[in-house]
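Residues per chain, in single letters:
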Amino acid sequence: MDCLFCSIINGTIPSTKVYEDDNCYAFRDINPQAPVHCLVVPKTHIESLDSVTDENSATVAKVLVAIPKIAKLLGLSDGYRVISNVGENGCQSVHHLHFHILGGEKLAERMC
Ligand code: DGP
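These notes cover the structure that comes with them. (Residues numbered from 1 in each chain as written. Predicted model: local features only at pLDDT ≥ 70, side-chain atom pairs only at ≥ 80, totals over all residues. Heavy atoms only, no water.)

Another aspect to go through is the nonpolar core. Where a protein is soluble and globular, its nonpolar side chains tend to be buried together. With 19 residues, the main nonpolar core has Val40, Ile70, Leu74 and Ile101 as its most contacted residues. Within the residue set of this core, elements represented by two or more residues are strand S1 (17-20), strand S2 (24-28), strand S3 (36-42), helix H2 (57-73) and strand S5 (99-103). Considering every element that reaches this core, the biggest residue donor is H2, with six residues. Leave out the neighbours within four places in its chain, and valine 40 touches Cys24, Tyr25, Ala26, Val63, Ile67, Ile70, Leu97, His98, Phe99 and Ile101. Core analysis: the next-biggest nonpolar cluster, separate from the first, contains nine residues, Cys3, Ile8, Phe27 and Leu39 among them. (Core = buried A, V, L, I, M, F, W, Y, C linked by side-chain atoms within 4.5 Å. Buried < 20%, exposed > 50% of the residue type's maximum accessible area, 1.4 Å probe, protein only. Helix = DSSP H or I, 4+ residues; strand = E, 2+ residues; numbered from the N terminus. Contact = heavy atoms within 4.5 Å.)

Attention shifts here to the side chain of serine 7. Here serine 7 is to be found in helix H1 (residues 4-9). On the basis of relative accessibility, which here comes to 17%, the residue serine 7 falls in the buried class. Look past the residues within four positions of serine 7 in its chain and what remains in contact with it is Thr12 and Ile13.

Right, here's the structure in full:
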């Protein structure tokens, strides 16, 4: 399967790693939208939040458990925002489930 984030996870495409465990991988976004902008992805390919099922929900839950650990590693003690874009109207450009962690400054109150 031709998936950009699968290629980043398996190291074919380089990335700046922030965190990794058996279940997920976190790396710096190539086009940061905030002083700190990190992406967290499950290592198994799931299209988006719209593809979460009873069968893969444990994998997704483990990604969520990793997020506060990653935020701590990134020094985001004053808070942060987590976003997951879904599909065409959500402006999802990479079709492998990912959570954006944004922070490092007071973010805009409006989210879009
Ligand atoms: P989204 O629009 O929610 O699908 O976000 C995809 C994000 O992926 C976007 O913020 C830019 C980032 N991105 C795209 N290509 C690469 C890449 O090759 N390396 C890294 N580190 N990030 C990428």
